[in-house]
Amino acid sequence: TQVPAAAVKQLLLRGGAALELDVGGCALHAAGARQFATIKTHVVRVDFSDTELGDEGVAVVCETFSGNMTLRELALNRAFRPPRTKQRAWAVLQLVKLINSNFALRTLHLQGDVGGAGGASAGGKASLRADVAPFIDALATTQS
């Protein structure tokens, strides 16, 4: 499903007490991810699994939620879509900053693309595993 960035922004501006967002499976690119920066409510759970965020979108999501003290669960399964871009290192750095700045985050789902056209043979799983090494190192040193 294609989700227009303007529709995401309108949803987020409505507000509410505790908000759980599941945009998994939607064609939400980096432009849509940028709309999450306008959140004026308490987001406790967000699922971006199986979206088309790519490296730039994952970085934007992580920047947006860094320092957010209400987010308890974030799912980014298969959001790092092949092909690997020059922005992958930036995305992983933002992921590291997210876990170091968000003490409320209890669960982070992060799975690479393991099948289909963008699967391991195209650099999906193996590439992500190697790329997230700095993130794994950060897990060992974070206080959150």
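Before reading on, note that the structure itself is shown above.
Read on for an overview of the structure.

Scanning the protein chain from N- to C-terminus turns up 6 helices and 4 strands. Tracing the protein chain from N to C terminus, the helices and strands come up as α-β-α-β-α-β-α-β-α-α. Within the protein chain, the proportion of its 144 residues that are buried is 44%. Nonlocal contacts in the protein chain, meaning residues at least 24 apart in sequence, comprise 78% of its contacts between residues at least 6 apart. Of the roughly 7200 Å² that the protein chain leaves accessible, carbon and sulfur atoms contribute 53%.

A word on the pairing of strand E2 (residues 42-47). Sheet topology places strand E1 (residues 18-22) next to E2; 5 bridges connect them, and they run parallel. Opposite Ala18, over in E2, you have His42 as the bridge partner. As paired strands, E2 and strand E3 (residues 73-75) are joined by 3 bridges and run parallel to one another. Each residue of the ladder has a partner; that of Val46, found in E3, is Leu74. Handedness of the β-α-β unit built from E2, helix H3 (residues 54-65) and E3 comes out right-handed.

Reading the values: rules and limits
- Within each chain, residues carry numbers counting from 1 in the order of the written sequence.
- Given that the model is predicted, a residue must reach a pLDDT of at least 70 before its local features are reported, and side-chain atom pairs must reach 80 or more before they are shown or counted; all residues, however, enter totals for whole chains, interfaces and linings.
- The basis for every side-chain value is the complete set of non-hydrogen atoms in the structure, without hydrogens or water.
- Helix numbering and strand numbering both begin at the N terminus, where a helix is a DSSP run of H or I of at least 4 residues and a strand a DSSP run of E of at least 2.
- Buried, partly exposed and exposed residues are distinguished by accessible area as a fraction of the type maximum, computed with a 1.4 Å probe on protein chains only: under 20%, between the cut-offs, and over 50%, respectively.
- Should any heavy atoms of two residues lie within 4.5 Å, those residues are counted as being in contact.
- All accessibility values rest on the Shrake-Rupley procedure with a 1.4 Å probe; residue burial counts only the protein chains present in the view.
- Only strands that DSSP links by at least two bridges are regarded as paired with each other.
- If you view a crossover with the strands going away from you and the path from the first strand over the helix to the second runs clockwise, you call it right-handed.

Geometric values such as these leave the question of function open.
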